[in-house]
Structure formats: structure tokens, C-alpha cells
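For reference, the chains in residue letters:
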Amino acid sequence: MASGRERTENERSKPIFCELSANDLEPEITEIESLCMECGKNGITRLLLTKIPHYKDVVLMSFECEHCGYRNNEIQSGGKITEKGIKITLQVATPQDLNRQVVKSDYTGIRIPHLDFEIPAQSQKGEITTVEGIIDRSISALEQDQPRRREEFPDTAIEIDIFISKLRALKILDEPFTVIFEDISGNCHVENPKAPIKDSQCTITYFKRTTEQNHTLGIYSDNEDVLLEPIQEGEYPLEEIEGEVHSIRTNCPDCNSPCETNMKLTNIPHFKEVIIMATLCESCGHRTNEVKSGGGIEPQGVRIEVTITGKEDFSRDLLKSETCDMEIPELELEVGPAILGGRFTTVEGIVAVMKEQLSSSITFTGDSSDSETVNRMNTFIARLGEVLDGQRKVTLILDDPAGNSYVQSLSDDGLDDRLKITKYDRSFEQNEELGLNDIKVENY
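Sequence order sets the numbering: in each chain, residues are counted from 1 along the sequence as written. For a predicted model such as this one, the threshold for reporting local features is a pLDDT of at least 70, and the threshold for listing and counting side-chain atom pairs is 80 or more; totals across whole chains, interfaces and linings nevertheless cover every residue. With hydrogens and water excluded, all non-hydrogen atoms of the structure serve as input to the side-chain values.

Named according to an unreviewed UniProt entry, the chain is Zinc finger protein ZPR1 originating from Temnothorax curvispinosus.

Laid out in C-alpha cells, this is it:
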């Protein structure tokens, strides 16, 4: 539990909802007594569950000691650690970019290559800030001990003064610069001021954590050594579950209450086997469904383009894997692989889910002072409604470097005239994101 004192590494690795659920916190502020790290007396920690638009639930925590006046604040993710880490590369070119909201966790490392400047992960607490706020905080930290340095180490103090002036110059924007955010927990976010339109100045990639990084997050497996053993000849683990529904105990991603995830292996005609997973939480009513490929990564990536002209195209079966990007060029819409996860649905179903997610986010931006963002979102949702009503012709593009996505053809003889499938060789960066560059295949 967050408090005024420093938490241990074990405490840092535990989600806040190990002790409090979403229902305990929302929508009121919860107050608890906790120990002040300055004077050792009890102070008050206030917790509030809130949602960052177009991101996720977070817990805001603020501590204040009435005895000595000490204060601090931090932020934690309101959900579980994501399956992959995240790397966000932002090109800062305008004053609006300096004002972008940034959500960073304890595990977010920040680099500005232009100045060879780095803020290591776990050196600061998680917080909600802006790009300019990160620069200001760095300047304040460097200035803190300058009076003492000028007396004891004058040469070092001069060098730091020069570097501080370079940090201040970033805010003037004499020239564009790049900021790189890398977070092994995946709980980092940079605001897209043009949402839901693609952010041309921000590049997001996901990476598979190493065993050491998992251990840093407090993630251990009881049978890690067993998992590394190859499947022996004659063993077919997927065949053991085909046709049956299996259940595993898990925790709800919303309220962390115990629930069950049902899994079933099914075969998509003319494609491959997939595992369909569905979770229902009886405590809060949260529902999720996800699809995982049952056949591993394909030798080549696949790019699928389907032209949506009416009801016939809406009925096509569609499989979007957890590594697949989606795009609708006519609407300037691009959806990353982590937004919707893996899904087995129809063309109509995937468009409807995108519209539903954007519509639900309006409840968190509708009272915002930024009326331009609200109007843009309303207009965009109306255009998706026109697509679903068959009034707007668009192209849906699925780009999956793992090759595990699929759209049904309406022709019995190959592809129909509104469906185009292109296979391609993955780039080094795509293989790196899929964890293929360092995979060991010898003697397997």
C-alpha cells in the first residue's frame, strides 16, 4: 500500500488492488493513516481511482503529514502489469507537444538522445505530468545542490550550469528534439492530442520482457525450468484440449476479484487452430474475450486489405491476433495491437467494437475544457456510424507481422475482388518486437 514512507521492492511489485478493489475506491477519495518518512508520525494518504482518457484506470495517491508538513504524491496503474513492455518515441516540435500529458510508472526510463540525457527507471515515482514538466523537474533536481557544488566543486558546478541551460533551451524549441520513454511494465502513456487520428509524431512499439526484467517486476514462475524444456517427439499438447472447454482461475482485470477464464481450442476453416478465451467477473460484471494463435508465428507477415461496401462484407469472419495493427485510411484511423487484443469476430463486429470503445471514452472527455477534442471525437464516431450503416465506403487494413490474422473470402475459388492478401518478409525491428532475433533453435 502506498504511504509516506518508501516502499520495499516486494511492495512495489504488488498491484494496489491486492488490498483495495475498484469498487472500494470509485468514485470517492479513500483516506488511510500511514507513517511519515520524515518525522515518523502518522499522516494521511488519500487514494482516488480515476481513468486517463484513451488509456486506462489509475490510482492517484497523495500523502500529507500535519505534524511536519511533509507531502508527496504518486500514481500506480489500476490494473495488472501488461504482457509486454512498451517503448514510446516522441518527436517534440511544437509548444503543444511540450504540453502533452505523460503517464509514467516507477519503471519508466526516459531518454533525450539530443543531450545524451537519461532518467533511469525506478529513480522517480510514477506520476501524471507533461513533457515540459519532466524537463522542469530535471532542472530542479540538478539545481538543488548547486550552491554547495560551487563552493566545493566549482568546475563540476559550471558543467552542470551549462547542461541546465541546454535543458532550458529545449523548452524554447530552437530545434525539434526526441524523447524516448521505455517501460518494462507497459504502464506508460503519452497523450495523442489528435486522437483518434493517428499520431504522426509518436511511435509506439512493444517488446517481450527478459527473465531479469520479469524478476524486477516481481514476476516469477514456479516452473520456469520446465517451461524451457522442448516438446518431445510425439507430444501434441494442443490436441489434448481440442473440442473441450477448460477453465482456469484468474483475477478480474478491472476489480482484481477472483474469477474464471474459459478456454477452447477451435479450428478456423482454411486457416489454422486458435484458442478462444473468455472471462466473466461475477463481482463487477466485467467481460473480456480474446483469441490466441494455436500455431505459433508464421514464416512471413501478412497484410490484409478488405473493401467494405455493404452488408455482404460485414458478414466476413475476421481474426485479429494480439500482434495485428488495424487501419482505416479514409478515416485516418490506426489501432495498435494492444488496443483491442486478439479477437475472433466479423468485419462488422470489429468496426462496432472500435466505435464502442471510442464512445465510452467520451464519458471521460465530455466535461473537458478542450471542446475541440470532444467535437473531433463526436465527428469521428459519427463517421464510424455511417460505415456501419453502409453509407460510407472504406478499406479495412490488417497488418500482422506474426502472420496470424485472417479475413474470410466470399469466393469459393481463392480471393474475391474486394479482398487483397499480401505476405511479406519481416524487418529486423519486427522480429525484435516478436522476440525472434534472440530465439534459440539449435538442438530443438
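Let's pick the thread back up.
Draft legend 1. Looking closely at the side chain of aspartate 313. Helix and strand definitions follow DSSP, with helices as H or I runs of at least four residues and strands as E runs of at least two, each counted in order from the N terminus. Here aspartate 313 is to be found in helix α9 (residues 311–314). Looking at aspartate 313, the relative accessible area reads 0%, which means it is buried. Leaving out residues up to four positions away in the same chain, aspartate 313 has contacts with Thr307, Ile308, Val347, Leu410 and Arg418. The buried label goes to any residue with under 20% of its type's maximum accessible area, the exposed label to any with over 50%, and the partly exposed label to all in between, with areas taken from a 1.4 Å probe on protein chains only. Only heavy atoms matter for contacts: two residues are in contact if any of them lie within 4.5 Å across the pair.

Draft legend 2. Representation of the sheet that holds strand β11 (residues 189–190) within the structure. Strand pairing is assigned whenever DSSP identifies at least 2 bridges connecting the two strands. Strand order across the open sheet formed by three strands is β9-β6-β11, with antiparallel pairing between neighbours. On the outer flanks of this sheet lie β9 (127–130) and β11, each paired with one strand and no other.

Draft legend 3. Quick look at the sheet that holds strand β18 (residues 317–320). If you walk across this open sheet you meet the three strands as β21-β18-β23, and the pairing is antiparallel. With one partner strand each, in any of the chains shown, β21 (343–346) and β23 (406–407) form the two edges of the open sheet. Bridge count between β18 and β21: four bridges; the pairing is antiparallel. Among the inter-strand pairings, aspartate 317 is bridged to a residue of β21, identified as threonine 346.

Draft legend 4. Fine view of the pattern of salt bridges. Each reported salt bridge corresponds to a side-chain nitrogen of Lys or Arg within 4 Å of a carboxyl oxygen of Asp or Glu. Within the structure shown, the criterion is met by 19 salt bridges. When the shortest N-O distance is used, the salt bridge between lysine 171 and aspartate 136 registers 2.6 Å. Linking lysine 171 in helix α6 (residues 154–172) with aspartate 136 in helix α4 (residues 131–143), this pair joins segments that are 35 residues apart in sequence. For aspartate 136, a relative accessible area of 29% puts it in the partly exposed group. For the salt bridge of arginine 148 with glutamate 152, the shortest nitrogen-to-oxygen distance reads 3.2 Å.

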